[in-house]
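Listed below are the residues making up each chain.
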Amino acid sequence: MILTLEASPVEEIFWRGGRFFLKRDDRLHPDFSGNKARKFYYFLRRDFPRVEQIVSYGSPQSNAMYSLSVLAKMRGWRFDYYVDHIPLQLREYPVGNYRAALENGTIFHIGRPLESHSDPATLRIEEGGRQKEAEEGVALLAQEIVAWYRDQRIETLTVFLPSGTGTTALYLAKHLSQEGIGVVTTPCVGDGDYLQRQFALLEKDSLHWPGIVDLPRKYHFGRLYGEFWQIWLELYRQTGVEFDLLYDPKGWLTLLKHRADLPGEILYLHQGGLKGNESMRMRYERKWAAGSARSM
Ligand SMILES: *Cc1c(COP(=O)(O)O)cnc(C)c1O
């Protein structure tokens with residue numbers, strides 16, 4: 001069975017005195033959405049008659065894990081997911097991606113996948129979906145962006161998105177640079193050097209790498225910051241759009257800081273991740289109520 005996805009919509013928002021276009025990949029599909037849907041599109045688009053199981057590893061709150069659980073369910077595969085540790089709190093009160101993955105039948109294991117998990121019946125997926133197969137779905141996203149930008153007769157366009165592994169940004173840049181569309185990103189996991197090492201794992205030719213911009217201070221992935229919560233709330237209240245709480249606050253803070261240096265119109269890529277917001281929002285609200293966050 002071959003499954004397909006419809007193009008995601010583009011919207012316009014006016015915020016903080018500027019105009020931004022939003023590519024709503026969070027609206028791609030009710031369950032299979034965001035950039036993980038793009039990165040795993042390859043596995044939706046083909047028949048895999050011999051495959052019976054997906055094996056992957058990473059955090060028990062990962063967006064990639066949740067998307068893989070949906071993919072496995074759609075395809076009728078078993079999904080084995082390896083984690084280092086599941087916090088007691090989460091085991092007792094499952095929320096967010098972890099809860100949804102459990103509901104989709106994910107089988108959790110503590111430890112690392114075995115090497116023997118590379119037989120023809122098993123699809124092994126790297127942490128966060130950093131792999132070559134991601135290119136197919138991201139290339140399709142690039143095509144949708146090109147079609148929209150031609151239709152709108154936009155002269156100069158910069159696509160902006162926050163990065164984790166950098167896989168989405170890298171393949172977008174590869175497919176958009178030939179159209180004269182710039183792709184700029186900011187690292188949310190590690191720093192700019194880390195991100196460039198990630199790019200190099202997937203594409204040797206640095207000519208087609210995305211541009212990287214950053215903020216002066218360092219932020220640790222998954223930690224809570226007052227300014228992240230503040231910009232997230234402001235976006236939510238003023239534009240009505242719910243962004244992700246892990247990547248998008250850093251994304252927007254960085255974009256605002258560097259807006260004047262980026263040419264033409266901005267298309268911000270909304271990469272989904274809203275299932276993960278359930279647990280992030282709880283953490284932020286708890287921290288807020290405890291009065292330990294900086295005041296707004
Ligand atoms: C996974 C994810 C990212 C990072 O994507 P990469 O391709 O790893 O850079 C960004 N935003 C959201 C919401 C994600 O789920």
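That block above? That's the structure.
Rules and cut-offs
Residues numbered from 1 in each chain as written. Predicted model: local features only at pLDDT ≥ 70, side-chain atom pairs only at ≥ 80, totals over all residues. Heavy atoms only, no water. Helix = DSSP H or I, 4+ residues; strand = E, 2+ residues; numbered from the N terminus. Contact = heavy atoms within 4.5 Å. Polar contact = N/O pair within 3.5 Å; in protein donor to acceptor, adjacent residues only side chain to side chain. Pairing = 2+ DSSP bridges. Expected span 1.5 Å × (residues − 1). Buried < 20%, exposed > 50% of the residue type's maximum accessible area, 1.4 Å probe, protein only. Axes fitted to C-alpha atoms, helices over the stretch in contact; angles between N-to-C directions. Phe/Tyr/Trp six-rings, centres within 6.5 Å; stacked < 30°, edge-to-face > 60°. Near = heavy atom within 4 Å. Areas by Shrake-Rupley, 256 points an atom, 1.4 Å probe, with all protein chains shown as cover.

Chemist: Honestly, the environment of N104 in this entry has me stumped. Any pointers?
Modeler: Among the secondary structure elements, N104 is positioned in the loop between helix 5 (96-103) and strand 5 (107-110). With 19 residues separating them along the chain, N104 and L123 place their C-alpha atoms 18 Å apart. Leave out the neighbours within four places in its chain, and N104 touches Y66, S69, V70 and K73. Here S69 takes part through its side chain, which lies 3.0 Å from a polar atom of the side chain of N104.

Chemist: What should I look at first to understand the sheet that holds strand 2 (residues 18-24) in this one?
Modeler: Consider a sheet: its strands pair through backbone hydrogen bonds, and that pairing is either parallel or antiparallel. Ordered in space as 1-2-10-7-8-9, the 6 strands form an open sheet in which the pairing is mixed. Two strands in the sheet have a free side with no partner beyond their single neighbour: strand 1 (10-15) and strand 9 (211-212).

Chemist: Looking at this structure, how should I read helix 9 (residues 226-239)?
Modeler: Think of an α-helix as turning once every 3.6 residues; residues three or four places apart then point the same way. A rise of 1.5 Å per residue sets the reference length of helix 9, with its 14 residues, at 20 Å; its end C-alpha atoms lie 20 Å apart and thus fit the reference within 8%. Counting buried positions along helix 9 gives 10 out of 14 residues, so the element sits mostly inside the fold. Listing the buried residues of helix 9 in full gives G226, E227, F228, W229, I231, W232, L233, E234, L235 and T239. Residues of helix 9 that are buried make contact with strand 1, helix 10 (248-258) and helix 11 (274-289).

Chemist: I tried to follow the sheet that holds strand 4 (residues 78-83) on my own but got confused; where do I start?
Modeler: The strand order 5-4-3-6 describes an open sheet built from 4 strands, whose pairing is parallel. Edge positions in the sheet fall to strand 5 and strand 6 (122-125), since each of these pairs with one other strand and no more. Neighbouring strand axes in the sheet, compared pairwise and without regard to direction, differ in orientation by 20 degrees on average. On the sheet, helix 3 (residues 63-75) packs against strand 3 (53-57), strand 4, strand 5 and strand 6 and is oriented at approximately 165 degrees with respect to strand 4.

Chemist: Mind showing me how you'd approach the packing of aromatic side chains here?
Modeler: Each aromatic ring pair is characterised by the separation of its centres together with the angle its planes make. Tallied over the full model, the rule gives 22 aromatic pairs. Seen from their ring centres, Y42 and F43 are 5.1 Å apart, and the 75 degrees between their planes marks the pair as edge-to-face. Y42 sits in the partly exposed class, given a relative accessible area of 22%. Linked through ring pairs, W15, F20, F160, F243, W252 and Y268 together constitute an aromatic cluster.

Chemist: Sorry, what's going on with the site of the ligand here?
Modeler: Taken together, 16 residues are adjacent to the ligand, and K36, N63, G164, T165 and T168 come closest. Taking N35, its side chain carries an N or O atom lying 2.8 Å from an oxygen atom of the ligand. Burial of the ligand by the protein amounts to 98% of the accessible area it has alone, namely 390 Å². The set of elements that each furnish at least two residues to the shell around the ligand consists of helix 1 (34-39), strand 7 (157-163) and helix 7 (167-176).

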